[in-house]
Amino acid sequence: MNIVVLVKQVPDTWSERKLTDADHTLDRESADAVLDEINERAVEEALQLQEAHGGEVTVIAMGPDRATDAIRKALSMGADKAIHVSDEALHGSDVLATAKVLAKAIGTVENVDLVIAGNEATDGRAGAVPAILAELLGLPQVTQLRKVTVEGTTIKGERETDEGVAFLEASLPAVVSVTEKINEPRYPSFKGIMAAKKKPVSTVTVADLGIDASEVGLSGAYTQVLEAAPKPPRSAGQRVEDGGDGGSKIAEFLVGQKLI
Amino acid sequence: MNFTLSEEQTDLAGVLHGFFAAGRRDLASVVDEVTDPVDLVVVFEEVGHHAVAGPLIETLAVVPALVGGLGGGAGLGSGAEHGSGAGLGGGAGAGAGAGSKAGTWSVAFPPVVPHAVEADHYLLVEGDTLREASPATELSSVDPTRRLFELTAGPVIATEVPTHAFDLGVLMCAAQLLGLGRAMLEMTTAHVLARTQFGKPIGGFQAVKHHLANVLIGLELARPLVHGAAVTTTTRDVSAAKVATSDAAWNAARIALQLHGAIGYTAEHELSRFLLQTRALRTAWGSPSLHRARVLEAL
């Protein structure tokens, strides 16, 4: 079973994320870049399926040059090879362009049975790429899964939402996205780290994938960010001295805020 | 000559940091087949950095070196486990993985007392003779996470054991002390930035800064000795590294305790684990005076 895992390098989840002044895109230089945690789980799931069913795990990442660190992490966990789509033209791509590029990149891998992605990246948080991707590839989408099993050419999954759990089934090949409940990702072993160095990583541009540069990036995006302002600092709030009437003052405040 | 760690070694340190921080302790799953002394130093500095307890030095470094040095496919396998005569069973898993796969090991090099935290197997090295052993009297340690036992010698497993196994243990202990020192410096730095006195963080006062600078200098000057000893693995270099890291970590412990306002004395505070382990490891695998004597002898 050949599996493709989509990974993204994101600013560290715990860091303060900023937008650049020039074009309101994510300021990737201002924070430590890490492999998105949900992708670690996606890689883990792929490796578990590989252990059970054999085949090859290919990692695909789209991002600037430094995304190689995220790719190395995935390879040191145990993935077999990687494709890195890196191109200046991709800067500022929206979800549609991202999915388009990823679909083409997946097309370069032979006999793909399963595509695994995280449900959403911690930086963009659109959570739409797996679905768009499935549409573009013409494959069934089984998204937001907390459990995945493969039986023959069928994939079964449990999708957990606020409304309950849905039991889904689709035929392979399919696109799957996983949530943080899917598994506990493994730690790369030293052997894995050493082996990752020798694993093949092919770097491709959008031209290599047969995509016109004008379709992607900021200029190709369907939306435009005209203005962005940082979140205002938290103000001090209002202090009520309790002189026996604290309760009614709180009630007054809440009425003033139209909360009660 | 390249003195810096490779990218892979830095990655390994990063992985181990996350691994220990997440509360994981099954180290063998990450560092299986690590045999190079430099790689092991990276591992044990991180072990110290998180004050991880247990007979890790023996299990991951010393026993594989003892077994590996005995040549070829000789593995301390199931034979020792079941106590069926000679410990050098037909176990195929020789070398690096031998210790970790067959459980944890504790090794005694008299006069050095073994530190066994529920080790599964015990070995005793006297001169160049390797014996099986069994725990006898329990001794007390300054560090409650360490359980010291005197060992009773059992049947001889092998003679002419490699002498470098002990040195490897000493070196790993030095690396662990380095990690402990670094951890205590980090904790103290965080504390002095948070704790305020006279209206500003105490870290802003020059006397406090000087203390921390001295700790940092001690650790930074000890680190190259450890890495150097990992490359040469000569007795002289290993002993020098142990002396330097013992002093540096001990100084870090004392300064950390003072700048924490002595809170580290109480077992409730995180710092106490680091203080006690530093105090114990300072004299484990040979006291500073023993190692000073070894350096003198080698000059």
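Residues numbered from 1 in each chain as written. Chains lettered and ligands numbered in written order. Predicted model: local features only at pLDDT ≥ 70, side-chain atom pairs only at ≥ 80, totals over all residues. Heavy atoms only, no water.

Taking an unreviewed UniProt entry as the reference, chain A is identified by name as Electron transfer flavoprotein subunit beta belonging to Lentzea rhizosphaerae.

1. What about the overall build of chain A?
Along the backbone of chain A there are seven helices and eleven strands. Burial analysis of chain A (260 residues in total) assigns 41% to the buried set. Expressed as a percentage of contacts within chain A between residues at least 6 apart in sequence, the contacts between residues at least 24 apart total 71%. For chain A, the exposed surface amounts to about 14400 Å²; the carbon and sulfur share of it is 50%. (Helix = DSSP H or I, 4+ residues; strand = E, 2+ residues; numbered from the N terminus. Buried < 20%, exposed > 50% of the residue type's maximum accessible area, 1.4 Å probe, protein only. Contact = heavy atoms within 4.5 Å. Areas by Shrake-Rupley, 256 points an atom, 1.4 Å probe, with all protein chains shown as cover.)

2. Describing the packing of aromatic side chains
One pass over the structure, following the stated rule, counts four aromatic pairs over all chains. With a centroid separation of 5.0 Å and 85° between ring planes, the pair formed by Y187(A) and F19(B) is classed as edge-to-face. Of this pair, Y187(A) sits in the loop between β10 (174–178) and α5 (190–196) while F19(B) sits in helix α1 (residues 7–21), each in a different chain. Every member of this aromatic cluster is reached through a ring pair, and the members are Y187(A), F19(B) and F20(B). (Phe/Tyr/Trp six-rings, centres within 6.5 Å; stacked < 30°, edge-to-face > 60°.)

3. Thoughts on the nonpolar core
Ranked by internal contacts, the top residues of the largest apolar core, which has 81 residues, are L27(B) and F44(B). Looking at this core element by element, the count peaks at 17 residues for helix α7 (residues 164–194) of chain B. When neighbours within four sequence positions are excluded, F44(B) is seen to be in contact with L56(B), I57(B), L60(B), A61(B), M172(B), A175(B) and Q176(B). One finds L35(A), A42(A), V150(A) and V178(A) within the second-largest nonpolar core, a separate group that totals 34 residues. (Core = buried A, V, L, I, M, F, W, Y, C linked by side-chain atoms within 4.5 Å.)

4. Topic: the pattern of salt bridges
Taken as a whole, this structure holds 27 salt bridges over all chains when the rule is applied. Linking E158(A) and R146(A) is a salt bridge whose minimum nitrogen-to-oxygen distance equals 2.8 Å. On the criterion of sequence distance, the pair formed by E158(A) in strand β8 (residues 154–161) and R146(A) in strand β7 (residues 141–151) is long-range, its members being twelve residues apart. On the accessibility criterion, E158(A) (16% relative accessible area) is buried. For R146(A), a relative accessible area of 28% puts it in the partly exposed group. The closest approach of N and O atoms between D247(B) and R292(B), which form a salt bridge, is 3.1 Å. Of this pair, D247(B) sits in helix α9 (residues 235–259) while R292(B) sits in helix α11 (residues 288–298), and the two are 45 residues apart along the sequence. Overlapping salt bridges bring together E45(B), E46(B), R182(B), E186(B), E220(B) and R223(B) as one network. (Salt bridge = Lys/Arg side-chain N within 4 Å of Asp/Glu carboxyl O.)

5. Some details on the environment of T129(B)
Residues and elements named next belong to chain B. Along the chain, the position of T129 falls in strand β3 (residues 129–139). Sequence spacing of T129 and V161 is 32 residues, and the spatial spacing of their C-alpha atoms is 6.2 Å. In contact with T129, other than residues within four places in its own chain, are L124, V156, A158, T159 and V161.

6. Quick look at the interface of chain B and chain A
Each partner contributes to the interface: chain B provides 13 residues, whereas chain A provides eight residues. Together, the buried faces of chain B and chain A total about 1000 Å²; carbon and sulfur atoms form 68% of this surface. The largest contributions to the chain B side of the interface with chain A come from E8(B), V15(B) and V30(B), which together make up 45% of the buried area. The interface formed by chain B and chain A holds one salt bridge in total. (Buried area = accessible area lost by both parts, 1.4 Å probe.)

7. Re the packing of α9(B) against helix α10 (residues 270–283) of chain B
All names here are of chain B. Running from N to C, α9 and α10 point in directions that differ by 150°, and their axes come no closer than 10 Å. By the angle between their axes, α9 is roughly antiparallel relative to α10. As α9 runs across α10, the sense of the crossing is left-handed. Residues K242, S246, A249, W250, A253, A256 and L257 of α9 form the contact with α10, whose participating residues are L271, L275, T278, R279, L281, R282 and T283. In terms of residue class, the contact of α9 with α10 is built from eight nonpolar, three polar and three charged. (Axes fitted to C-alpha atoms, helices over the stretch in contact; angles between N-to-C directions. Parallel < 35°, antiparallel > 145°, perpendicular 65-115°, else oblique. Left-handed = near helix turned anticlockwise from the far one by under 90°. Nonpolar A, V, L, I, M, F, W, Y, C, P; charged D, E, K, R; others polar.)

8. Let's talk about the pairing of β7(A)
Along any regular strand the residues' side chains alternate between the sheet's two faces. Residues and elements named next belong to chain A. Both β7 and β10 contribute to a ladder of three bridges, which runs parallel. If you follow V142 over to β10, its bridge partner there is V176. Sheet analysis places β7 next to β8, joined by six bridges and oriented antiparallel. In the sheet register, V148 faces β8, and the bridge partner there is G157. (Pairing = 2+ DSSP bridges.)

9. Points about the packing of α9(B) against α11(B)
Residue and element names in this part refer to chain B. For the pair α9 and α11, interaxial distance at closest approach is 8 Å and the crossing angle is 145°. When you trace α9 past α11, the crossing you get is left-handed. Touching T235, R236, V238, S239, A240, K242, V243, S246 and D247 of α9 are P288, H291, R292, R294, V295 and A298, all from α11. Residue composition of the contact of α9 with α11, grouped by class: six nonpolar, four polar and five charged.

10. Observations concerning the layout of surface pockets
Residue and element names in this part refer to chain B. Taken as a whole, the second largest pocket holds about 1100 Å³ of empty space. Looking at the lining of the second largest pocket element by element, the count peaks at seven residues for α1. Here the residues of the lining of the second largest pocket sort into twelve nonpolar, six polar and 15 charged. (1 Å grid on protein atoms, 1.4 Å probe; cavity = no way out; pocket = protein on both sides within 12 Å on 5 of 7 lines; lining within 4 Å. Points joined across faces, edges and corners; volume = space filled by probe spheres on them.)

11. Some points on the sheet that holds strand β9 (residues 164–171) of chain A
All names here are of chain A. Pairing is mixed across the open sheet formed by nine strands, whose spatial order is β9-β8-β7-β10-β6-β1-β4-β5-β11. The open sheet has two edge strands, β9 and β11 (201–204), and neither has a second partner. Mean inter-strand twist for the sheet, computed between neighbouring axes without regard to direction, equals 30°.

12. Focus on empty space enclosed by the protein
All names here are of chain A. Taken as a whole, this structure holds three cavities of 30 Å³ or more when the rule is applied. What lines the second largest cavity is Q9, V10, P11, R28, A33, P64 and R66. Considering each element in turn, the lining of the second largest cavity owes the most residues, three residues, to strand β2 (residues 9–11). Its residues placed into classes, the lining of the second largest cavity shows four nonpolar, one polar and two charged.

13. Here we look at α10(B)
Residue and element names in this part refer to chain B. All of the buried residues in α10 are L271, S272, F274, L275, Q277, T278, A280, L281 and R282. Buried residues belonging to α10 abut α3 (37–49), α7, α9 and α11. Positive phi appears at W285, one or two residues downstream of α10, with a value of about 55°.

14. Focus on the UniProt feature "domain: Electron transfer flavoprotein alpha/beta-subunit N-terminal" (unreviewed entry) in chain A
If you check UniProt for "domain: Electron transfer flavoprotein alpha/beta-subunit N-terminal" (unreviewed entry), the listed places come out as residues 23–213 of chain A in our numbering. End-to-end, the C-alpha atoms of residues 23–213 of chain A are 18 Å apart, and along that stretch the chain is 29% helix and 29% strand. (UniProt positions renumbered as here; feature names shortened; annotations may be inferred.)

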